[in-house]
Every structure is written in structure tokens, then in C-alpha cells.
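Report on the structure
Each chain, letter by letter, is given below.
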Amino acid sequence: EQWCGTLNYEPEQLTEIVRKLCEEGFQVHIHCLGDAAVSCALSAFEALPPALQRKCRNIIAHIQFLKLRDVERFRKAQVLVNMTPFWFQTCGTEI
């Protein structure tokens, strides 16, 4: 059985929300548990103009899983990572 979560926002909605918040000077902090959620959040941050990427110091938190190709995307979009390794045990995943 393959399990996948659901997004709280469609990717286009998330991109627009992130853009508006950053334009107002907010630091955006998005909680993501799965690799698809991480990729979606990164895409929203990548859509920002470079000046806003630098200004806002955005964060993706609670990352448990991510695709290796997304590691470089964090650096390029200047997104901070806030991992929560404790949550691995709640998913039954062993490190």
C-alpha cells in the first residue's frame, strides 16, 4: 500500500500566498512532512524574485523526507531547513 498526504493548498495558491506574505515583509514558515510537500513548498519559494528570496529568510519545517534533487533547490532559493528527527519514530521509520 502506498500512502500519500494531501496538500492544504493547490500549488498555484501556495505560490500566491507566499509571494504576498514576502512582499509584506513576512518570513514564511511552512510545515512539510513528505517529499511532495517539500517540493511544492520549494516551488513556491523559487517563484519569488531573487530579492525577496534573500530578504525573507523563509523556512520549511518538520522535514522528514525529501528528494535528493531538492537539496540544491534549498540553497538556490535561500530557504532554511528545520528538521524534526523526533518525528521519524512516530511514522514507524527507523534511521
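This write-up is about the structure you can find in this document. (Residues numbered from 1 in each chain as written. Predicted model: local features only at pLDDT ≥ 70, side-chain atom pairs only at ≥ 80, totals over all residues. Heavy atoms only, no water.)

Helix and strand counts for the protein stand at 4 helices and 3 strands. Reading the secondary structure of the protein in the N-to-C direction produces α-β-α-α-β-α-β. Within the span of the protein, comprising 95 residues, buried residues form 33% of the whole. Counting contacts in the protein only where the partners sit at least 6 residues apart, residues at least 24 apart contribute 61% of the total. On the protein, roughly 6,600 Å² of surface is accessible, and the fraction owed to carbon and sulfur atoms is 55%. (Helix = DSSP H or I, 4+ residues; strand = E, 2+ residues; numbered from the N terminus. Buried < 20%, exposed > 50% of the residue type's maximum accessible area, 1.4 Å probe, protein only. Contact = heavy atoms within 4.5 Å. Areas by Shrake-Rupley, 256 points an atom, 1.4 Å probe, with all protein chains shown as cover.)

Moving on to the environment of Arg 57. Here Arg 57 shows up in the loop between helix H3 (50-56) and strand E2 (59-63). With 23 residues separating them along the chain, Arg 57 and Leu 80 place their C-alpha atoms 6.8 Å apart. Filtering out sequence-adjacent residues up to four positions away, Arg 57 remains in contact with Gln 27 and Leu 80.

This brings us to the sheet that holds E2. With parallel pairing, 3 strands are arranged side by side in an open sheet as E1-E2-E3. Looking at strand neighbours, the two that pair on one side only are strand E1 (29-31) and strand E3 (80-83), the edges of this open sheet. Across the sheet, the axes of successive neighbouring strands diverge by a mean angle of 25°, strand direction being ignored. Bridge analysis of E2 against E3 gives 4 bridges, and the strand direction is parallel. Pairing of Ile 63 across the sheet is with Met 83, part of E3. (Pairing = 2+ DSSP bridges. Axes fitted to C-alpha atoms, helices over the stretch in contact; angles between N-to-C directions.)

The next point concerns the side chain of Arg 73. Tracing the backbone shows Arg 73 in helix H4 (residues 68-77). A residue is classified by how much of its surface remains accessible, and Arg 73, at 17% relative accessible area, is buried. Here the side chain of Arg 73 touches Ser 43 through a polar contact of 2.9 Å, side chain to side chain. (Polar contact = N/O pair within 3.5 Å; in protein donor to acceptor, adjacent residues only side chain to side chain.)

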